[in-house]
Amino acid sequence: MVLVGVALALAAVVLWVYSLFDALTTPSTEVRTLPKLAWVAVIVLLLQIGALLWLFFGRPRVLATSNAAPTAGPASGTPSSPKPTGGTQRGGGPIGPDDDPDFLRDINRRINPED
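Residues numbered from 1 in each chain as written. Predicted model: local features only at pLDDT ≥ 70, side-chain atom pairs only at ≥ 80, totals over all residues. Heavy atoms only, no water.

Q: I would appreciate a short explanation of the pattern of salt bridges in the present structure.
A: Any two side chains of opposite charge can pair if their charged atoms end up close together. Enumeration over the complete set of coordinates arrives at three salt bridges. D102 is the salt-bridge partner of R105, the closest N and O atoms lying 2.8 Å from each other. In this pair, R105 and D102 both sit in helix α3 (residues 101–111), three residues apart, roughly one turn of the helix. D102 gets classed as partly exposed once you look at its relative accessible area, which sits at 44%. The closest approach of N and O atoms between D106 and R110, which form a salt bridge, is 3.2 Å. Note that D106 and R110 are positioned in helix α3 at a spacing of four residues, about one turn of the helix. The exposed category is assigned to R110, whose relative accessible area is 61%. (Salt bridge = Lys/Arg side-chain N within 4 Å of Asp/Glu carboxyl O. Helix = DSSP H or I, 4+ residues; strand = E, 2+ residues; numbered from the N terminus. Buried < 20%, exposed > 50% of the residue type's maximum accessible area, 1.4 Å probe, protein only.)

Q: Just checking my understanding: could you explain a nonpolar patch on the surface for this structure?
A: Taken together, the side chains of V44, L45, L46 and I49 define a hydrophobic patch exposed on the protein surface, amounting to about 410 Å² of accessible area. With respect to the helices and strands, L45 occurs in helix α2 (residues 36–58). (Patch = residues over 30% accessible without salt bridge, like charges linked within 9 Å, V, L, I, M, F, W, Y side chains within 5 Å. Areas by Shrake-Rupley, 256 points an atom, 1.4 Å probe, with all protein chains shown as cover.)

Q: Help me understand the packing of aromatic side chains, please; the structure alone is not making it clear to me.
A: The description of an aromatic ring pair uses the distance of the two centres, along with the angle that the planes make with each other. Counted by the stated rule, this structure contains one aromatic pair. On the numbers, 5.7 Å between centres and 70° between planes, the contact of W39 with W54 is edge-to-face. For the pair formed by W39 and W54, the shared burial category is buried. (Phe/Tyr/Trp six-rings, centres within 6.5 Å; stacked < 30°, edge-to-face > 60°.)

So this is what it looks like as structure tokens:
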């Protein structure tokens, strides 16, 4: 029984610290429902209840962009496909080196310097 109590207390502390850190590092423009400073006060004063309130009502919503349907092109009704440019995808994440034409060109120059 003591071990269960210790585990629950540890989980409560981890939840509180995570919520406080998350609230402090979230940009003010993305915080929902209350101002950022108010959320930090709620988390500090209400402990676990404040942490849970932050997680459900204060955190920015995460938008799922990886499975999004292609959007229509600007002038036509046809869907546009994302094109890798400069090492990043449309979502801002890195692309694999085998999908980056600049990387492939550089590798080709290293293998065949006389070309």
